[in-house]
Amino acid sequence: MTKHVIIGGGPVATNAIETIRQYGDGEASITLISDEPPHSRMALPYWLAGKVPREHTHTADDAEFSRLGVDARIGQRVTAIDTSGRTVTLCDDSTVEYDNLLIATGAAPVGLPVPGSDLPGVQALWTLEHTAKLLAATEGVGAPRVTMIGAGFIGFIMLNAMHKRGWNLTVVERESHVLPRMLDAESAGLVESWLGQKGVTVHSGASVESISEGEGGGKVVSLAGGGTVESDVVIVATGIRPNIDLASAAGIETDQGIVVNGRCQTSVEGVYAGGDVAQGPVLGGGDNQIHSIQPTAVDHGRIAGANMAGHDAEYSGSLSLNILDVCGLQNASFGNWGDTSDDAVTISNAADHIYRKFIFTGEQMTGAVFVGEANDLGMLTDVGMVKGIMQTQTELGAWKDFLKESPFDVRRAYIATGVAAKLAQTTLLGQKAQPRGYRFGGQTDQSAVDGSHAQLVSPKAAAMEKAAEVAAAMAAEAAAAEAEAAGESAEA
Ligand SMILES: Cc1cc2nc3c(=O)[nH]c(=O)nc-3n(C[C@H](O)[C@H](O)[C@H](O)COP(=O)(O)OP(=O)(O)OC[C@H]3O[C@@H](n4cnc5c(N)ncnc54)[C@H](O)[C@@H]3O)c2cc1C
């Protein structure tokens, strides 16, 4: 009987468990060791905003683990890995043997090395307990003053939740603009002006020198070069670091994260890693990267699980993508969005908070940035289509120039180059995905698809046929338009 051991209870772990059970022999044992209850960090903002109770962030309970045949050791930590003896040691000094080990330990917030960062009322905002602590600290305080140090992707997701609660918010960012690892300076400028209109104060290009006690239990954040911000709570959101220490102590190859290949295998046979802790292949090639996003964690979990179950599943890498709502302003960036190549088109309208940038390499789109209001439905559908164009690594041919001339007409290029049909054929594991079922509280899935939706999702063949029909019609339309344009220029 094969023994699988998984460390961590996030999306990598839960997806790997489900995949092992889908693709494995059913006899294998699975032991899960996680210091936190299995949950989705992505759901924490909904709890923080008061939209769902804490339980809705959980992704599995005892009944679900029993159904999946998992020996779940929740609330325990792994303290060491012995790769030659194939065992892991737990915090109570017990050991568990493995044939296959998956390290899915995620990442942890890095601190802020300034005086006062350890005061009560100064905290990170990454885990279940951090969220509980913030909710407890602000309970009964009508509209608390919250200062967030660091203006990155995850920080802004939580900022959005706090904005929904009507709190008084200030953001301090050391770099010259907010979201420095997601947006370029120009698009970030639109976000900053939007935040100003929404009553959120932004200090960018400002370093925090110290944090001290203020009056009545409040905190005073002092900025280098003068200036202070008074608040009830200070959130330190200055970045995260992959939890690689277990792996590096065990002699597994690490760089910024644990280095994995397209099968999520590490440098040691029988040891896999995935998600925020892993530095894995990137769609389109290039050096391995850590993406720290849910879609990469899910892909890694499924790929690792399939290989642990004895299948040979290799994937071509993850697409770097960030999609973010900043208090009603939608932002997205994909791929090599920061590439400063001239082979790009940029449209910017600061007054209406609209920004669009497409970057090309050869005939492929390799980077994109979007900013637009939440009610701009055209932009939202274009975001999805651009993601599809990049995920399928479509050779755009003449449609590249078309997109450079008409960046607001993505649909035509998307259809004419057959992206929908390619996406319909794409499967991560080479097999049709299985329904996952509801995984909390022993409840079964109550959702049902109506006819129009079913036509799109099942069976895939019907969707592909439909997509091919539409693509052919659009290609004919585009060819006719091109012929007409050629005729006009010949006449001229
Ligand atoms: C507030 C918030 C909102 C987010 N929103 C989005 C979003 O909108 N979109 C998006 O794409 N991504 C989002 N993310 C990022 C996304 O949640 C992560 O990429 C994802 O959770 C990574 O999954 P993982 O399984 O690798 O790690 P994690 O989910 O971090 O799980 C790892 C688990 O392992 C446990 N662990 C670590 N070491 C040990 C040990 N030695 N022994 C036992 N257990 C251990 C950890 O405590 C943790 O519970 C968000 C993250 C946060 C914090």
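Here we summarise the structure given alongside this text. Quantities reported herein were computed from a predicted structural model and do not represent experimental measurements. (Residues numbered from 1 in each chain as written. Predicted model: local features only at pLDDT ≥ 70, side-chain atom pairs only at ≥ 80, totals over all residues.)

The subject of this paragraph is the overall build of the protein. Looking only at helices and strands, the protein has 14 helices and 25 strands in total. The buried share of the protein, reckoned over its 492 residues, is 40%. For the protein, contacts bridging at least 24 residues in sequence account for 65% of all contacts bridging at least 6. (Helix = DSSP H or I, 4+ residues; strand = E, 2+ residues; numbered from the N terminus. Buried ≥ 20, exposed ≤ 12 C-beta atoms within 10 Å, placed from the backbone. Contact = placed C-beta atoms within 7 Å.)

Moving on, we get to the sheet that holds strand β21 (residues 321-326). If you walk across this open sheet you meet the five strands as β21-β22-β25-β24-β23, and the pairing is antiparallel. Only two strands of the sheet have a single partner each, and these edge strands are β21 and β23 (344-349). Taken over all neighbouring pairs, the strand axes of this sheet differ in orientation by 5° on average, direction set aside. In this sheet, strand β24 (residues 354-361) lies alongside β23 in antiparallel orientation, the contact comprising six bridges. Its bridge partner being in β24, T346 is matched across the sheet by K357. (Pairing = 2+ DSSP bridges. Axes fitted to C-alpha atoms, helices over the stretch in contact; angles between N-to-C directions.)

This paragraph deals with the site of the ligand. Taken together, 34 residues sit near the ligand, with G8, G10, G106, G275 and I293 positioned nearest. Of the residues contributing to the shell around the ligand, the split by class is 19 nonpolar, 10 polar and five charged. (Near = placed C-beta within 6 Å. Nonpolar A, V, L, I, M, F, W, Y, C, P; charged D, E, K, R; others polar.)

Here we come to the sheet that holds strand β4 (residues 78-82). Whenever strands of a sheet pair, they do so through backbone hydrogen bonds, lying parallel or antiparallel. One open sheet accounts for three strands, arranged β4-β5-β6; its pairing is antiparallel. Two strands lie at the open edges of the sheet, namely β4 and β6 (95-97), each paired on one side alone. Neighbour-to-neighbour, the strand axes of the sheet open up by a mean angle of 20°, direction not taken into account. Strand direction decides the pairing type here: β4 and strand β5 (residues 87-90), joined by four bridges, are antiparallel. Residue pairing across strands places A80 opposite T89, the latter belonging to β5.

For C264, which is not a glycine, the phi torsion comes out positive at approximately 65°. Mapped onto the elements of the fold, C264 is located in the loop between β18 (258-259) and β19 (271-273). Classification of C264 as buried rests on a count of 33 C-beta atoms within 10 Å. The phi torsion at H353 lies on the positive side, around 55°, for a residue other than glycine. Position of H353 among the secondary structure elements: in the loop between β23 and β24.

Considering only alpha carbons, one finds C264 and I303, 39 residues apart in sequence, at a separation of 6.7 Å. Each residue touching C264, except ones within four places of it in the same chain, is listed here: Y272, A273, G274, A278, G280, H300, I303, A304 and N307.

Here the focus is the environment of S204. Along the polypeptide, S204 turns up in strand β12 (residues 201-204). Residue classification places S204 among the partly exposed residues on the basis of 19 C-beta atoms within 10 Å. Spatially, the C-alpha atoms of S204 and V178 are 6.6 Å apart, while their sequence positions differ by 26 residues. S204 has contacts with E173, E175, S176, H177, V178 and E192, leaving out every residue within four places of it along the chain.

The next point concerns helix α8 (residues 294-308). Relative to the 21 Å expected for 15 residues at 1.5 Å per residue, α8 spans 21 Å between its end C-alpha atoms, a close match to the ideal helical length. Within α8, 12 of the 15 residues are buried, which leaves it mostly tucked inside the rest of the structure. Turning to α8, the residues buried within the fold contact β1 (3-7), α1 (11-23), β7 (100-103), β19 and β20 (278-279). Just beyond α8, the residue with positive phi is G310, at close to 100°. (Expected span 1.5 Å × (residues − 1).)

For P295, the location among the structural elements is in helix α8. For P295, a count of 15 C-beta atoms within 10 Å gives the class partly exposed. Sequence separation between P295 and L321 is 26 residues; the distance between their C-alpha atoms is 8.6 Å.

The side chains of a regular strand alternate between the sheet's two faces. For strand β25 (residues 364-373), the buried fraction is high: eight of the 10 residues fall into the buried class. Two elements, strand β22 (residues 329-335) and β25, share seven bridges in a ladder whose sense is antiparallel. Paired with Q330 across the bridge in β25 is G372. Two elements, β24 and β25, share seven bridges in a ladder whose sense is antiparallel. In the strand pairing of β25, I359 is matched with G367. Hairpin remark: β24 followed by β25, antiparallel, with two residues in the connecting loop; positive phi at G362, about 60°.

It is worth spelling out α1 at this point. Over its 13 residues, α1 extends 18 Å from the first C-alpha to the last, a length consistent with the 18 Å expected when each residue adds 1.5 Å. With respect to burial, α1 is a largely interior element, 10 of its 13 residues being buried. Turning to α1, its buried residues are P11, V12, A13, T14, N15, A16, I17, E18, T19 and I20.

Attention now moves to the nonpolar core. Counting residues in hydrophobic clusters, the biggest one holds 73 residues, and the most contacted among them are V171, V191, I235 and A368. Among the elements that make up this core, the one with the highest residue count is helix α5 (residues 153-164) (seven residues). In this view, A368 contacts S333, F334, G335, W337, K357, F358, I359, V386 and M390; residues no more than four positions away in its chain are not counted. Ranked by size, the runner-up nonpolar core spans 44 residues in total, among them L32, V78, V88 and A297. (Core = buried A, V, L, I, M, F, W, Y, C linked by C-beta atoms within 7 Å.)

Attention now moves to the packing of α1 against α8. Orientation of α1 relative to α8, taken along the N-to-C sense of each, is 35°, at an axis distance of 7 Å. Between α1 and α8 the crossing geometry is right-handed. Note on element contacts: α8 touches α1 through Q294, A297, V298, H300, G301, R302, A304, G305, A306 and M308, opposite P11, V12, A13, T14, N15, A16, I17, T19, I20 and Y23. Grouping the constituent residues of the contact of α1 with α8 by class yields 12 nonpolar, seven polar and one charged. (Left-handed = near helix turned anticlockwise from the far one by under 90°.)

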